[in-house]
Amino acid sequence: MVLIAALSFGIVGVCQKTTDSQLKLWYNKPAKNWNEALPLGNGRLGAMVFGNPVNEHIQLNENTLYTGSPNRNDNPLAKEALPKVRQLIFDGKFKEALDMVNETMITKTSHGAAYQTVGDLHLNFSGTNDYTNFYRELDIEKAITTTTFTANGVEYQREAFTSFPDQVLVVRLTASKSGCISFTSTLSRPAHVSIFSEGNNVLKMSGVSSDHETVKGKVAFQAHMKIVPEGGSLVATDTSLVLTNANSALIYISMATNFVNYNDLSADANKRASEYLAKAEKKSYKQLLADHIAFYQNYFNRVSLNLGATDSIKNPTDVRIDQFSKGNDPALAALYFQFGRYLLISSSQPGQQPANLQGLWGDQLYAAWDSKYTININTEMNYWPAEPTSLPEMHEPLIQMIKELSVAGQKTAADMYGAKGWMAHHNTDIWRICGPVDGAYWGMWPMGGVWLSQHLWEKFAFNGDVDYLRSVYPIMKGAAEFCLSFLTPEPDHGWLVMAPSVSPENSPAHHPESSISAGTTMDNQLVFDLLTKTIEAAKLLNTDTDFISKLEKTIEKLPPMQIGQYGQLQEWMYDWDNPEDKHRHVSHLYGLFPSNQISPYRNPELFEAAKTTLIQRGDPSTGWSMNWKINLWARLLDGNHAYKLMCEQIKLVGVKRPDGKSFQEGGGTYPNMFDAHPPFQIDGNFGFTSGLTEMLVQSHDGAIHILPALPDNWQMGSVKGIRARGGFEIEELEWKDGQVTKLKIKSTLGGNCRIRSYSELKTGGKTKLVAADKENNNPFYQLVEGKKPLISEKAKSSQLNLKTSFLFDIPTKPGQEIVLIQK
Ligand code: FUC
């Protein structure tokens, strides 16, 4: 079967070295719109390159350019209303509770700042109108775009990159004949700016971010362009630089704002932009390029993935996206995976802001959802691939944001709810607002800080660095303290519940008009995780004994997960689910992924119920939702269903339908491989990268599970550089006919390495392999038993048909490498 499939799709050969073209997005036409342009970024600057031979357009971003200025958005009426809202919920008056939350808790000031474009660079050429031989690409192995074409017998080439070490956008124009480069260059913005030239070779644009809602815009920004031609003549007008008959040209774009941190706008944007430019100019182009590539590859090259390739690799990327679900293009799945890593390196650098809803790209002044941080799924999803795909440094901006929220959110907890610790609701922004926004239906979710805080522990689970854990422990403790303060007993069972709250953005069949509720399943899972991890951290750090026992007592009183009348995992504390509900959020499955509370080996009934829920929710959805489902199906150990979701995701949207009039809509993938919610949201790209990783290696359930969810389409392949919890690095994993053929693991921390595999393995060296027989004693991947679930009488009894797997234990020393091969 597999062989026949391979032949009919013309497998090019899995063992060949990943060719150059496999890590490129390429096209034979210039971009017609923003979702066809190619993204460059260095964690601070973003650029979208259209690759147009006649009117080149590069749209520009800087990651601190947001509307508004430092502000808070807490609602002071909340404290008095809190007991009344709780009473309404416990009396079953959910609509009244929603109305009261809208009146007394939702912010009356700012619903969050909007991410704003810096503007656009336009290069209008002469002599290139009649071009042929067009090609443009984004090389994600080098983080550089290239456009080439021929016009009037001259071969033109344009390269662009946003330098990581030198902090400028560099564009280089060359031609095969001298004197052939002539263009007029301008900077513009779809809002008020001042533009002026300095000398003959510098153009500057300056402005201030917009006012938004009640908050005055105060982010001052500057964009500087400098052209260094070889030959020809360069002159400036008031608003443009005009280059005539040059042999080649180098263009630098330097951008900066006055942003220092969420409380401070005291920097000098002009000085910063000038300094970046002055520093970059000192280097030759060759040096700038070499330094950029070296910096980038230090991260990117840590992971390689080969799933094989078919003839499809000969097609342009947009054609491949269109055909993905109709054939077999494993190299496109691998490219999509690596594109996610490319985007994370490019949009999340230490010392900068975390990746927002669109990373750091965006051509709008007021984008959908302000392109800020939605922390009831989207921001967390951005960081799912960071640790497993060997990009832990890229996780740092998120950790820094959590630190800042733990300061800002302390006042919100105290002022709004009279609570201890710190908290945030379902959104935050560059000013670290923590109050509830948008409306009670979406915004009355007090769990944003609790979900984000899981990332603090997750980083530790991978690196085992106790000093790091010590530095973030107070933040975990603060989030746990908020939970202890905010939890309240519900009248039916006396369970401790978060109230008021919602199951993100959904309402139950029981009262569809109101999402407001208490003790939703996701909230219970989140509190359980945070309290459990805080206890683990306190024990490891040898501190806070009294606090530990308080947390332990609280965990006892949390509601259990429950299985409802349709065999589903209940989304709410009561059996209110509608089996026809296709809502994009699958919040109660947080316990399956990213958390590890639901396991086929430890609680098969819950595992079965989670599966029933996911089937009921269906496959097609918004981009991020489908990518969450890839992760969930991988955790359900069903590689083919995970792959099915990949086919839903890698579906071309944003292009004209065959009728030529309407556009292909819905969740999927734009020609430039950006995920479509729609519109573009980067969470889907990151969710995909994480999901594919989960299909190959999992490490959340007490063992490193090798190839837990391999689809039939990927029977041969190899991956290098995936990280597992407990400080293990999968240096090499190779498989053939779906069976592991080689596995090389490096233990960075030492300790027991427990492996689960469907293939029988033997050691390739002196390593001792012991069949696992007792609880794993490696402290870095502590398994935490979930609470015993409540199973309704109507629920089916669980008959899991799990594939037989083998469990091995290997004691390791720090730095030791172990090699296993197929038995
Ligand atoms: C949540 C989701 C939406 C969207 C927005 C940015 O509100 O429910 O689908 O992704 O975030």
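## With respect to the domain arrangement of the protein
And then number 1: Looking at the assigned domains, one finds that the protein contains domain 1 (2-14 + 714-822) and domain 2 (20-67 + 114-308).
And then number 2: Each partner contributes residues to the interface: domain 1 has 10 residues there, and domain 2 has 7 residues.
And then number 3: Summing the contributions of domain 1 and of domain 2, the shared interface buries around 680 Å²; its carbon and sulfur component is 56%.
And then number 4: At the junction of domain 1 and domain 2, the tally comes to 0 salt bridges.
And then number 5: At the junction of domain 1 with domain 2, the criterion picks out 2 residue pairs in polar contact (both at pLDDT 80 or more).

## Here's the deal with the pairing of strand β15 (residues 241-246)
Each regular strand carries side chains that alternate between the two faces of the sheet.
And then number 1: One ladder, built from 4 bridges, connects strand β10 (residues 181-188) with β15; its direction is antiparallel. Residue pairing in the sheet places isoleucine 181 in a bridge with alanine 246 of β15.
And then number 2: Bridge analysis of strand β14 (residues 233-236) against β15 gives 4 bridges, and the strand direction is antiparallel. Among the inter-strand pairings, valine 235 is bridged to a residue of β15, identified as valine 242.
And then number 3: Linking β14 to β15, which pair antiparallel, is a turn of 4 residues.

## Regarding the site of the ligand
And then number 1: The full set of residues close to the ligand is Leu357, Trp369, Thr374, Asn378, Glu505, Arg584, His585, Trp624, His677 and Gln681.
And then number 2: Taking glutamate 505, its side chain carries an N or O atom lying 2.5 Å from an oxygen atom of the ligand.
And then number 3: One of the side-chain nitrogen or oxygen atoms of histidine 585 is found 2.6 Å away from an oxygen atom of the ligand.
And then number 4: In isolation the ligand has 280 Å² of accessible area, and contact with the protein removes 98% of it.
And then number 5: Its residues placed into classes, the shell around the ligand shows 3 nonpolar, 5 polar and 2 charged.

## Focus: the packing of aromatic side chains
And then number 1: In total, this model carries 33 aromatic pairs according to the counting rule given.
And then number 2: On the basis of an interplanar angle of 50° and a centroid distance of 6.1 Å, the ring pair of tryptophan 361 and phenylalanine 674 is categorised as tilted. Note that tryptophan 361 is positioned in the loop between α7 (330-347) and β18 (373-374) and phenylalanine 674 in the loop between β23 (668-669) and β24 (675-676), a separation of 313 residues in sequence.
And then number 3: Residue classification places tryptophan 361 among the buried residues on the basis of a relative accessible area of 0%.

## Topic: the pairing of strand β29 (residues 728-736)
And then number 1: As paired strands, strand β27 (residues 717-720) and β29 are joined by 3 bridges and run antiparallel to one another. Directly across from serine 718, in β29, lies its bridge partner glutamate 734.
And then number 2: Across 3 bridges, the pairing between strand β28 (residues 722-724) and β29 is antiparallel. Bridged to isoleucine 722 within β29 is isoleucine 730.
And then number 3: By the bridge criterion, 8 bridges tie β29 to strand β30 (residues 739-747) in an arrangement that is antiparallel. Bridging across to β30, phenylalanine 728 finds its partner in serine 747.
And then number 4: What sits between the antiparallel neighbours β29 and β30 is a turn of 2 residues, in which aspartate 737 has the positive phi angle 50°.

## Some remarks on the packing of helix α12 (residues 466-486) against helix α14 (residues 545-556)
And then number 1: Viewed as axis vectors pointing N to C, α12 and α14 meet at an angle of 45°, and their least axial separation amounts to 11 Å. Taken together, the axes of α12 and α14 lie oblique to each other. α14 is crossed by α12, and the crossing has left-handed handedness. Within the contact between the two elements, α12 uses Tyr473, Lys477, Ala480, Glu481 and Leu484 and α14 uses Phe547, Lys550, Leu551 and Thr554.
And then number 2: Residues that form the contact of α12 with α14 fall into these classes: 5 nonpolar, 1 polar and 3 charged.

## Focus on helix α17 (residues 639-649)
And then number 1: Buried residues dominate α17, accounting for 9 of its 11 residues.
And then number 2: Gly639, His641, Ala642, Tyr643, Leu645, Met646, Cys647, Glu648 and Gln649 are the residues of α17 that are buried.
And then number 3: Sitting at the head of α17, aspartate 638 places a side-chain oxygen 3.3 Å from the backbone nitrogen of asparagine 640.

## Observations concerning the side chain of threonine 146
And then number 1: Its location among the elements puts threonine 146 in strand β7 (residues 144-151).
And then number 2: Ignoring any residue separated from it by four or fewer positions in sequence, one finds threonine 146 in contact with Tyr135, Arg136, Glu137, Gln157, Arg158 and Glu159.

## Overview of the sheet that holds β14
And then number 1: Judged by pairing direction, the sheet is antiparallel, and its 7 strands sit side by side in the order β2-β3-β4-β5-β10-β15-β14 without closing on themselves. The open sheet has two edge strands with one neighbour each: β2 (38-41) and β14. For this sheet, the mean inter-axis angle between neighbouring strands, taken without regard to orientation, is 20°.
And then number 2: Judged from the 6 bridges that link them, strand β5 (residues 119-125) and β10 form a sheet pairing that is antiparallel. Directly across from leucine 121, in β10, lies its bridge partner leucine 187.

## Comments concerning unusual backbone geometry
And then number 1: Cis geometry marks the peptide bond from alanine 499 to proline 500; its omega dihedral reads 0°.
And then number 2: Its location among the elements puts proline 500 in the loop between β21 (496-497) and α13 (521-540).
And then number 3: Positioned with a positive phi, glutamate 213 is a non-glycine residue whose angle comes to about 50°.
And then number 4: Summarising the element assignment, glutamate 213 is placed in the loop between β12 (202-208) and β13 (220-230).

## Concerning the sheet that holds strand β9 (residues 169-175)
And then number 1: With antiparallel pairing, the 9 strands of this open sheet are ordered in space as β1-β6-β7-β8-β9-β16-β13-β12-β11. Lying at the two open borders of the sheet, with one neighbouring strand each, are β1 (24-27) and β11 (194-198). Direction aside, the axes of adjacent strands within the sheet are offset by 15° on average.
And then number 2: The strands touched by helix α4 (residues 269-281) are β12, β13 and β16 (248-257); relative to β16, the strand with the most contacts, the crossing angle is about 145°.

## With respect to helix α16 (residues 623-635)
And then number 1: For α16, spanning 13 residues, the distance from its first C-alpha to its last is 19 Å, which sits close to the expected 18 Å at 1.5 Å a residue.
And then number 2: Within α16, 13 of the 13 residues are buried, which leaves it mostly tucked inside the rest of the structure.
And then number 3: Residue leucine 637 follows α16 closely and has a positive phi angle near 65°.

## Things to note about the packing of α7 against helix α18 (residues 682-696)
And then number 1: Relative to each other, α7 and α18 sit at 125°, their axes nearing to 8 Å. The angle between α7 and α18 places the two elements in the oblique class. Viewed along their axes, α7 and α18 form a crossing whose handedness is left-handed. Seen from α7, the contacting residues are Ala333, Tyr336, Phe337, Phe339, Gly340, Arg341, Leu343, Leu344 and Ser347; seen from α18, they are Ile682, Asn685, Phe686, Phe688, Thr689, Leu692 and Thr693.
And then number 2: Of the residues assigned to the contact of α7 with α18, the class counts are 10 nonpolar, 5 polar and 1 charged.

## Here's the deal with the side chain of asparagine 382
And then number 1: The residue asparagine 382 is located in helix α8 (residues 378-382) in this model.
And then number 2: Note on asparagine 382: relative accessible area 2%, which makes it buried.
And then number 3: Within the structure, asparagine 382 has its side chain in polar contact with the backbone oxygen of asparagine 356 (distance 3.3 Å).

## So, the pattern of salt bridges
It is possible for side chains of opposite charge to pair when their charged atoms get near one another.
And then number 1: Enumeration over the complete set of coordinates arrives at 39 salt bridges.
And then number 2: For lysine 271, the salt bridge is made with glutamate 275, and the minimal N-O distance between the two is 3.6 Å. Highlighted residues: lysine 271 and glutamate 275, both in helix α4, separated by 4 residues, approximately one helical turn.
And then number 3: Ionic contacts of the salt-bridge type, sharing partners, join the residues Asp166, Lys279, Lys283 and Asp291 into one network.

About the criteria used
Residues numbered from 1 in each chain as written. Predicted model: local features only at pLDDT ≥ 70, side-chain atom pairs only at ≥ 80, totals over all residues. Heavy atoms only, no water. Domains from an automatic or database assignment. Contact = heavy atoms within 4.5 Å. Buried area = accessible area lost by both parts, 1.4 Å probe. Salt bridge = Lys/Arg side-chain N within 4 Å of Asp/Glu carboxyl O. Polar contact = N/O pair within 3.5 Å; in protein donor to acceptor, adjacent residues only side chain to side chain. Pairing = 2+ DSSP bridges. Helix = DSSP H or I, 4+ residues; strand = E, 2+ residues; numbered from the N terminus. Near = heavy atom within 4 Å. Areas by Shrake-Rupley, 256 points an atom, 1.4 Å probe, with all protein chains shown as cover. Nonpolar A, V, L, I, M, F, W, Y, C, P; charged D, E, K, R; others polar. Phe/Tyr/Trp six-rings, centres within 6.5 Å; stacked < 30°, edge-to-face > 60°. Buried < 20%, exposed > 50% of the residue type's maximum accessible area, 1.4 Å probe, protein only. Axes fitted to C-alpha atoms, helices over the stretch in contact; angles between N-to-C directions. Parallel < 35°, antiparallel > 145°, perpendicular 65-115°, else oblique. Left-handed = near helix turned anticlockwise from the far one by under 90°. Expected span 1.5 Å × (residues − 1).

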